[in-house]
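Each chain is listed here by its residues.
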Amino acid sequence: MIKINNLGFNYGEKVVLNNITMTLKDGRIYGLLGENGVGKTTLLTLLCGLKNVKTGSIDIDGYNPYKRLPSFLANQFYLSDEVAEVNMTASDYAASYGKFWHKFDIGKFHELMSVFENDPSWKMNRMSFGQLKKTYISFALSCNTKYLFMDEPTNGLDIPSKAQFRKAITRYTSEDSTILISTHQVRDLENIIDPIIILDKQDVLLDATVEEISDKLFFDYSSERKPEALYSEMTPGGNIQVYLNSEKKESKINTEALFNAVHAHKDLIKSLFRK
Amino acid sequence: MNDIFNFKRFGKYLLTDIKSCFAAYGISFLTIILSGLIIYAVSVIYSLILGNGWHGSGLVLRWIIATISFLVLTITCPSRCYGRITEKRAGSSWLMTPVSIYEKLLSMFLITCIFIPAVFLLAYSGIDFLICMADTTCGEPLVSSLRDLEFLKDGLDELGAGIAGKAVNPLHYIDDMIDGILVFLLGALVFGKGKISKTILSMIAFSIISGIVFTPIALNFAEYGPAMFTDSFLFRNLFIIDTISDITVMAVLIVLIFFRTKTIKH
């Protein structure tokens, strides 16, 4: 379990995260959303130990991530937005580095490379950005870690690869794994992320499961415009409106509309989902 | 899981690190090793073009090339093998590999300070030996010419204190060589861009500052004349003091490298 307590972080004078408190439970795929510069990547790098907190604390199963102890690192994998070109074949890379994660499965790596239609015998420094990203995603999932932090994993992936990514995340991760995915491309991951965390400047606007969200908000796809809508948008396929679910009706969440509704009514949403 | 040091894990990591270092530096390393052969070939070609017949590179030229090659190796190897650590893309992978910082550092030290220089010296002198065996116009191999350094002994023996034997022993300079590599390794880990040039500039700045500090002390010695200097405790124990100071510098550099790698953030 990940416990974040009064977390604060700043780059010089610029405060990025301020007094953030939340708990990430085991076995869930968290979607971390937010505008540019609100601190999504910073939060991920703090969680995996690439940065140290300025105030507050992060506790992951009793570990302080910044100590970067092997026993902690062996239980987590961080896939950054930018991936390194290495002068090795993908297969060689996986065989050389995978052995440091005690649950790494080379067979799974080759299977995932095949799912992504990537050839493991290719040299990584000759791959396109998308191919390289898919190689690292395959490696990350093959490590079978308890915690997986992914920063914009679908960036640079073509349309079929995004579908393959969703398939890989749902099929190749164990039930007790906690996955935190930061993304701008919410439609790519709409059906797999639950709970959803929306970060704002120095604040958390929303941290709720899909069930909690659909319990409190209604996503209306009908063409009838309602004045009480928190957010409405005309789409090529019709309308999408978000309003309070006072009648407790069931609806399918539209993450983009949710994001916009949350940003348009920050205080209301915060009070609505306050735990 | 042992979070401090695990020999089995270290062994695995060292092999992976060597592989990764060769992936990053292999072609350059091979070129440096083959520089003697390349210069030999160029010398022969020039000699033939100029109508001087078949003539390989002489001993002096081969010593100069060997020294320059080793210097290039010392300067480039740390930044090419480990400079990536400061970059966000590759550095994160290095930091996030589940191996302890002590294992990573020892591996880094062994590869840059022992393994790569040793492979270079063996391969370079081996190739030089084979060239000299095959082509007598080159003169004697570098390795066997080391004994010619004995001529230096006479001059040094005049100074007394029996330092000559140590001064001409190449093994005596291993600690200096390691210090040099560690300086460039620290530079590779501290500077984001221009790792080599910034390290050289820092060394120049450091030399100027230490020159300002130590010149009065040296002048103080000079006042007493050379005899006073050669009879001094410092001179009589010059090599012990030099070794101690080199080891101290080495320890300081290792500590700085340790704290730098431990506190790198991305």
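Asker: Can you walk me through the overall build of chain A in this structure?
Answerer: When you go through chain A residue by residue, the secondary structure sums to 10 helices and 12 strands. A compact globule built from 275 residues would reach a C-alpha radius of gyration of about 19 Å, and chain A, at 20 Å, matches this within 12%. Across the 275 residues that make up chain A, the buried fraction comes to 44%.

Asker: What exactly am I supposed to notice about the overall build of chain B here?
Answerer: Looking only at helices and strands, chain B has 13 helices and 0 strands in total. The N-to-C order of helical and strand elements in chain B reads α-α-α-α-α-α-α-α-α-α-α-α-α. A total of 266 residues make up chain B; the buried ones form 23% of that total. Within chain B, residue pairs in contact and separated by at least 24 positions form 73% of the contacts whose partners lie at least 6 positions apart.

Asker: Is there a simple way to explain the nonpolar core in this structure?
Answerer: Within soluble globular proteins, side chains that are nonpolar generally end up buried alongside one another. Core analysis: the largest hydrophobic core is formed by 109 residues, its most contacted members being L47, A140, F149, L180, I197 and I198 of chain A. With 8 residues, the single largest contributor to this core is helix α9 (residues 174–190) of chain B. Among all residues touching L180 of chain A, those that are not within four sequence positions of it are L24, Y30, L32, L44, L47 and F149 of chain A. I39, I65, I131 and C138 of chain B belong to the second-largest nonpolar core, a separate cluster that totals 6 residues.

Asker: What am I meant to see in the environment of F10 of chain B here?
Answerer: Residues and elements named next belong to chain B. The residue F10 is located in helix α1 (residues 7–33) in this model. In this structure the C-alpha to C-alpha distance between F10 and S100, which are 90 residues apart in sequence, comes to 8.7 Å. With near-sequence residues (within four places) excluded, F10 lies in contact with F5, E103 and L106.

Asker: Help me out: how do you make sense of the interface of chain A and chain B in this one?
Answerer: One widely used convention gives an interface's size as the accessible area the parts lose upon coming together. Contact residues are listed per partner, giving 24 residues for chain A and 20 residues for chain B. At the level of secondary structure, the elements contributing two or more residues to the side of chain A that touches chain B comprise α1 (40–48), α2 (70–73) and α3 (90–98) of chain A. Here the side of chain A that touches chain B takes 3 residues from α2 of chain A, the largest share from any one element. Tallied by class, residues from the side of chain A that touches chain B come to 14 nonpolar, 6 polar and 4 charged.

Asker: Would you explain the packing of α3 of chain A against helix α4 (residues 106–115) of chain A in this entry?
Answerer: In helix packing, the relevant descriptors are the interaxial angle and the interaxial distance, both defined with respect to the helix axes. All names here are of chain A. Two elements in contact, α3 and α4, have axes whose closest approach is 10 Å; the angle formed by their N-to-C orientations is 150 degrees. When the axis of α3 is compared with that of α4, the two are roughly antiparallel. The crossing of α3 and α4 is right-handed. The segment α3 lies against α4, with A90, A94, A95 and G98 engaging I106, F109 and M113. Tallied by class, residues from the contact of α3 with α4 come to 6 nonpolar, 1 polar and no charged.

Asker: I'm lost on the sheet that holds strand β1 (residues 2–11) of chain A in this one. Help?
Answerer: Within a sheet, neighbouring strands are paired by backbone hydrogen bonds and run either parallel or antiparallel to one another. Residue and element names in this part refer to chain A. Taken together, the 3 strands give an open sheet; going across it, the order is β2-β1-β4, and neighbouring strands pair in antiparallel fashion. Each of the sheet's edge strands pairs with one partner strand only, and the pair in question is β2 (14–24) and β4 (55–60). When strand polarity is set aside, the average angle formed by the axes of neighbouring strands in this sheet is 25 degrees. In this structure, β1 lies alongside β4, joined through 5 bridges in antiparallel fashion. Bridge pairing in β4 links G8 to T55.

Asker: Quick question: what am I supposed to make of the confidence of the model for chain A here?
Answerer: Reading predicted coordinates in detail is not appropriate for stretches of low pLDDT. Confidence in the prediction of chain A, expressed as mean pLDDT, is 94, and 100% of residues score 70 or more. Between the elements of chain A, mean pLDDT differs from a low of 86, seen in helix α7 (residues 186–189) of chain A, to a high of 98, seen in β4 of chain A.

Asker: How should I be thinking about the packing of α1 of chain B against helix α3 (residues 59–82) of chain B in this particular structure?
Answerer: Residues and elements named next belong to chain B. Two numbers describe how α1 lies on α3: the axes approach to 10 Å, and their chain directions differ by 165 degrees. Classified by the angle between their axes, α1 and α3 sit roughly antiparallel to one another. For the crossing formed where α1 meets α3, the hand is right-handed. Of the residues in α3, those touching α1 at C21, A24, Y25, S28 and I32 are S69, V72, L73, T76, C77, R80 and C81.

Asker: Would you mind going over the sheet that holds strand β12 (residues 238–244) of chain A with me for this structure?
Answerer: All names here are of chain A. Taken in spatial order, the 3 strands line up as β10-β12-β11 in an open sheet, and their pairing is antiparallel. In this open sheet, the two edge strands, each paired with only one partner strand, are β10 (217–220) and β11 (231–235). Going across the sheet, the axis of each strand differs from the next one's by a mean of 10 degrees, ignoring polarity. For β10 and β12, the ladder comprises 4 bridges, and the chain directions are antiparallel. Bridge pairing in β12 links F218 to Y243. Set on the sheet, helix α9 (residues 255–264) makes contact with β10, β11 and β12; between it and β11 the angle comes to about 145 degrees.

Asker: Please clarify how the confidence of the model for chain B should be interpreted in this entry.
Answerer: Per-residue confidence for chain B averages 89 on the pLDDT scale, and 88% of its residues sit at or above 70. Scored as a whole, the predicted complex attains pTM 0.90, and scored at its interfaces, ipTM 0.91.

Asker: Looking at this structure, I do not really get the pairing of strand β8 (residues 196–200) of chain A. What am I missing?
Answerer: Remark: a regular strand shows side chains that alternate across the two faces of the sheet. Residues and elements named next belong to chain A. For β8, the tally of buried residues reaches 4 of 5 residues, placing the bulk of the element in the interior. Both strand β3 (residues 29–34) and β8 contribute to a ladder of 4 bridges, which runs parallel. Paired with G34 across the bridge in β8 is L199. Two elements, β8 and strand β9 (residues 203–208), share 5 bridges in a ladder whose sense is antiparallel. Of the residues in β9, the one forming a bridge with I197 is D207. Connecting the antiparallel pair β8 and β9 is a turn made up of 2 residues, with Q202 showing a positive phi of about 60 degrees.

Asker: Which parts of the structure should I look at to understand unusual backbone geometry?
Answerer: Most peptide bonds take the trans form, and the phi angle of most residues other than glycine is negative. All names here are of chain A. That bond from D194 to P195 is cis: its omega, 5 degrees, falls within 30 degrees of zero. Position of P195 relative to the elements: it lies in the loop between α7 and β8. The backbone phi angle of E117 is positive, close to 55 degrees, even though this residue is not glycine.

Calculation criteria
Residues numbered from 1 in each chain as written. Chains lettered and ligands numbered in written order. Predicted model: local features only at pLDDT ≥ 70, side-chain atom pairs only at ≥ 80, totals over all residues. Helix = DSSP H or I, 4+ residues; strand = E, 2+ residues; numbered from the N terminus. Rg over C-alpha atoms; globule rule 2.2 N^0.38 Å. Buried ≥ 20, exposed ≤ 12 C-beta atoms within 10 Å, placed from the backbone. Contact = placed C-beta atoms within 7 Å. Core = buried A, V, L, I, M, F, W, Y, C linked by C-beta atoms within 7 Å. Nonpolar A, V, L, I, M, F, W, Y, C, P; charged D, E, K, R; others polar. Axes fitted to C-alpha atoms, helices over the stretch in contact; angles between N-to-C directions. Parallel < 35°, antiparallel > 145°, perpendicular 65-115°, else oblique. Left-handed = near helix turned anticlockwise from the far one by under 90°. Pairing = 2+ DSSP bridges. pLDDT = per-residue confidence, 0-100.

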